[in-house]
Amino acid sequence: MKAVAVFPGTHEVRVIDEPQPQVIRGTEVLLRMREVGICGTDREVAAFEYGEPPPGEDHLIIGHEALGEVVAVGPEVTKLRPGDLVIPSVRRPCLHAECLACRSGRQDFCVTGDFRERGIKQTHGFLTESTVEDEANLTLVPPDLADVAVLTEPLTIAAKAMQQVKTLQQRLPWEPSRQRSVVLGAGPVGLLGAMTMVANNFETHVYSMESGDSDRADLVRSFGAGYICSQDCAPEDLGKRLGNIDLIYEAVGSSHLAFTALESLGPNGLFIFTGIPPLGGPSPLPADQLMRNIVLENQLIFGTVNASRSAYALALRLLGQCMALFPDSVRRIITAHRTIDEAPGMLRKRSGIKEVVRLS
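I will try to describe carefully the structure that is included in this document. Within any chain, residue numbers begin from 1 and follow the written order of that chain's sequence. Only residues with pLDDT of at least 70 get local features here, since the model is predicted, and only at 80 or more are side-chain atom pairs given and counted; chain-wide, interface and lining totals rely on the full set of residues. The basis for the side-chain values is all heavy atoms of the structure; hydrogens and waters are excluded.

Some remarks on the pattern of salt bridges
- Take a side-chain nitrogen of Lys or Arg and a carboxyl oxygen of Asp or Glu: if they are within 4 Å of each other, that pair is a salt bridge. Taken as a whole and judged by the stated rule, the model has 18 salt bridges.
- Between K354 and E65 there is a salt bridge, with its nearest N and O atoms 2.8 Å apart. You can see K354 sitting in strand β19 (residues 354–358) and its partner E65 sitting in strand β5 (residues 65–73), a full 289 residues away along the chain. Across the pair, exposure class does not vary: K354 and E65 are buried alike. A run of H or I in DSSP becomes a helix once it reaches four residues, and a run of E becomes a strand once it reaches two; helices and strands are each numbered from the N terminus. Exposed residues in this analysis have more than 50% of their type's maximum accessible area, buried residues have under 20%, and partly exposed residues fall in between, with area computed by a 1.4 Å probe over protein chains only.

Looking at the environment of R309
- Relative to the helices and strands, R309 is located in helix α9 (residues 309–325).
- For R309, a relative accessible area of 40% gives the class partly exposed.
- We call two residues in contact whenever any of their non-hydrogen atoms come within 4.5 Å of each other. Among residues more than four places away in sequence, those in contact with R309 are E135, A136, L138 and T139.

So, the packing of helix α4 (residues 188–199) against α9
- The contact between α4 and α9 brings their axes to 10 Å, and the two run at 75°. By the angle between their axes, α4 is roughly perpendicular relative to α9. Along the contact surface, α4 presents M195, T196 and A199, while α9 presents L318, Q321, C322 and L325. Between N-to-C directions, angles span 0 to 180 degrees; the directions come from axes that are lines fitted to C-alpha atoms, helices contributing only their stretch in contact. To sort the angles, those under 35 degrees are grouped as roughly parallel, those over 145 as roughly antiparallel, those from 65 to 115 as roughly perpendicular, and the leftovers as oblique.

As for the sheet that holds strand β2 (residues 12–17)
- One open sheet accounts for 3 strands, arranged β2-β1-β4; its pairing is antiparallel. Edge positions in the sheet fall to β2 and β4 (60–61), since each of these pairs with one other strand and no more. Pairs of strands are assigned from DSSP output, requiring at least two bridges between the strands.

Focus on the packing of aromatic side chains
- Stacked, edge-to-face and tilted labels apply to pairs of Phe, Tyr and Trp rings (six-membered ring for Trp) whose centres lie within 6.5 Å, assigned for plane angles under 30 degrees, over 60, and everything in between, in that order. This model, assessed by the stated rule, comprises 3 aromatic pairs.
- Taken together, a centroid distance of 5.4 Å and an interplanar angle of 45° make the contact between F259 and F273 tilted. Of the two residues, F259 sits in helix α7 (residues 255–262) while F273 sits in strand β16 (residues 270–273), which places them 14 residues apart along the sequence.
- In this structure F259 comes out as partly exposed when scored by relative accessible area, which is 26%.
- Seen in terms of ring centroids, F271 and F273 are 4.8 Å apart; in terms of plane orientation they differ by 50°. Their pairing is tilted. The two residues F271 and F273 agree in class, both being buried.
- Among the aromatic residues, those joined into a cluster by ring pairs are F259, F271 and F273.
- Placement of a charge over a ring requires the Lys NZ or Arg CZ to be within 6 Å of the ring centre, with the centre-to-atom vector within 35 degrees of the ring normal. Between R14 and the ring centre of F7, over which it is positioned, the NZ or CZ distance is 4.3 Å.
- Positioned above the aromatic ring of F109, the side-chain terminus of K160 is 4.3 Å from the ring centre.

Some remarks on the packing of helix α3 (residues 152–168) against α9
- At their nearest, the axes of α3 and α9 sit 8 Å apart, and the two run at 100° to each other. Regarding the angle of α3 to α9, the classification is roughly perpendicular. Along the contact surface, α3 presents T152, E153, L155, T156, A159, K160 and Q163, while α9 presents A311, Y312, L314, A315, L316, L318 and L319.
- Grouping the amino acids of the contact of α3 with α9 by side-chain chemistry returns 9 nonpolar, 3 polar and 2 charged. Amino acids outside the nonpolar list (Ala, Val, Leu, Ile, Met, Phe, Trp, Tyr, Cys, Pro) and the charged list (Asp, Glu, Lys, Arg) are all regarded as polar, and Gly is one of them.

Side note on the environment of L184
- Tracing the backbone through its elements, the reader meets L184 in strand β12 (residues 180–184).
- In this structure L184 comes out as buried when scored by relative accessible area, which is 0%.
- Along the primary structure L184 and D58 are separated by 126 residues, whereas in three dimensions their C-alpha atoms are 37 Å apart.
- In contact with L184, not counting residues within four places along its chain, are Y207, L238, I248, Y249, E250, A251, V252, A258, A261 and F271.

Examining the sheet that holds strand β14 (residues 226–229)
- Read across the open sheet, the 6 strands follow the order β14-β13-β12-β15-β16-β17; overall the sheet is parallel. Looking at strand neighbours, the two that pair on one side only are β14 and β17 (300–303), the edges of this open sheet. Within this sheet the neighbouring strands show an average axis-to-axis angle of 20°, counted without direction.
- α3 rests against β15 (247–250), β16 and β17 of the sheet, and its axis sits at about 150° to β17.

Topic: unusual backbone geometry
- At N201, a position not held by glycine, the phi torsion is positive, near 70°.
- Tracing the chain through its elements places N201 in the loop between α4 and β13 (203–208).
- For N268, which is not a glycine, the phi torsion comes out positive at approximately 65°.
- Residue classification places N268 among the partly exposed positions, given a relative accessible area of 23%.

Observations regarding a nonpolar patch on the surface
- Nonpolar side chains (Val, Leu, Ile, Met, Phe, Trp, Tyr) within 5 Å and like charges within 9 Å form the patches, drawn only from residues with over 30% relative accessible area and no salt bridge. Only the protein chains shown count as cover for residues, with accessible areas throughout obtained via the Shrake-Rupley method and a probe of 1.4 Å. A surface patch of nonpolar side chains, amounting to about 350 Å² of accessible area, comprises M291, V295 and L296.
- Along the chain, L296 turns up in helix α8 (residues 287–296).
- L296 gets classed as exposed once you look at its relative accessible area, which sits at 62%.

Looking at the nonpolar core
- For this analysis, a nonpolar core means a set of buried residues of the types Ala, Val, Leu, Ile, Met, Phe, Trp, Tyr and Cys, connected via side-chain atoms within 4.5 Å. Grouped together as the largest cluster of nonpolar side chains are 56 residues, with contacts concentrated most on V141, V165, M195, L247, Y249, V330 and I333.
- Residue contributions to this core peak at 8 residues, all from α9.
- Beyond its immediate stretch of four places on either side in the chain, V141 contacts L67, L85, V86, I87, A149 and L316.
- V36, I38, A66 and V77 belong to the second-largest nonpolar core, a separate cluster that totals 26 residues.

Digging into the pairing of β16
- Burial along β16 is two-sided: the residues L270 and I272 and F271 and F273 are all buried.
- Two elements, β15 and β16, share 4 bridges in a ladder whose sense is parallel. Within β16, the residue paired with Y249 across the bridge is I272.
- Seen with its strands pointing away from the viewer, a crossover is right-handed when the path leading from the first strand over the helix to the second is clockwise. Read from β15 through α7 to β16, the crossover connection turns out right-handed.
- Note: β16 against β17, 4 bridges, orientation parallel. Opposite F271, over in β17, you have I301 as the bridge partner.
- Regarding topology, α8 serves as the crossover connection from β16 to the parallel β17, and that connection is right-handed.

In structure tokens:
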């Protein structure tokens, strides 16, 4: 069967032939992969910035934003049957007994860093025609979401973040009314984050580099959010332009932009980091002013990573909500479907918003 793999030792990215999975045991499930989305993480792995093959192997099959169809189930599988569509999660817990997060099934809060991630770290991914996964790592997809379900994994970031926002807002001695949010970046994570904010009744604005008459700006406006081009407004002036900002959702992976925009956060505001910037040299920041604001205005800053199965269930419910509110906008995020033979080229050159490899 075909799969797309990276070879860190030789810096190759190519389609390979892998043995077809044969024996299904216990709670294992045989999946025929339907679609796999390509994201920035995949491109970074393909550029050999990181990515680690399974121990003893020279290659890593990539792909982690996946939709699969159940082909066969092991004798101990209880909730899935052939024909079901499922979303596999990515991160697997570490094995350390002292890591209470992983022992609780919340490997998104792993404290050791020894987790494995399919298609990223020490475990093969899903950009292959077939694979085997444990039932515990699969979330059932409602049939009416099949055409957009491949967006579930990136949507888990916003779904988990919004769950945390609702918990953190309980610190306020009043019930917040309609709030204002700003999303930094109009990539897939930013657009899905903005849709999440709109679906949760936030007045939402997306701040990005594309012009105000671009396709992305038009997409943002199509689901009820505002759009601000970065050429028209400095990030530190967002508060002056919009008024009080209750929440900033960072989805660009640029530390300079993020901390500059932090100056615009209003009193009692929340700032959410989702991007992972490359490591670089020292960056000048108005640290004294930022610290004063955080303390005197009761601001909260936190990072969020998607990894637990609960986030996938949340994301599927949220995806259904967004499809009920603005289905055409959700579908517009997927800008191209490619074949598996085209995947190596996709990893070297970005095109559109979200490219998806269709395997079956």
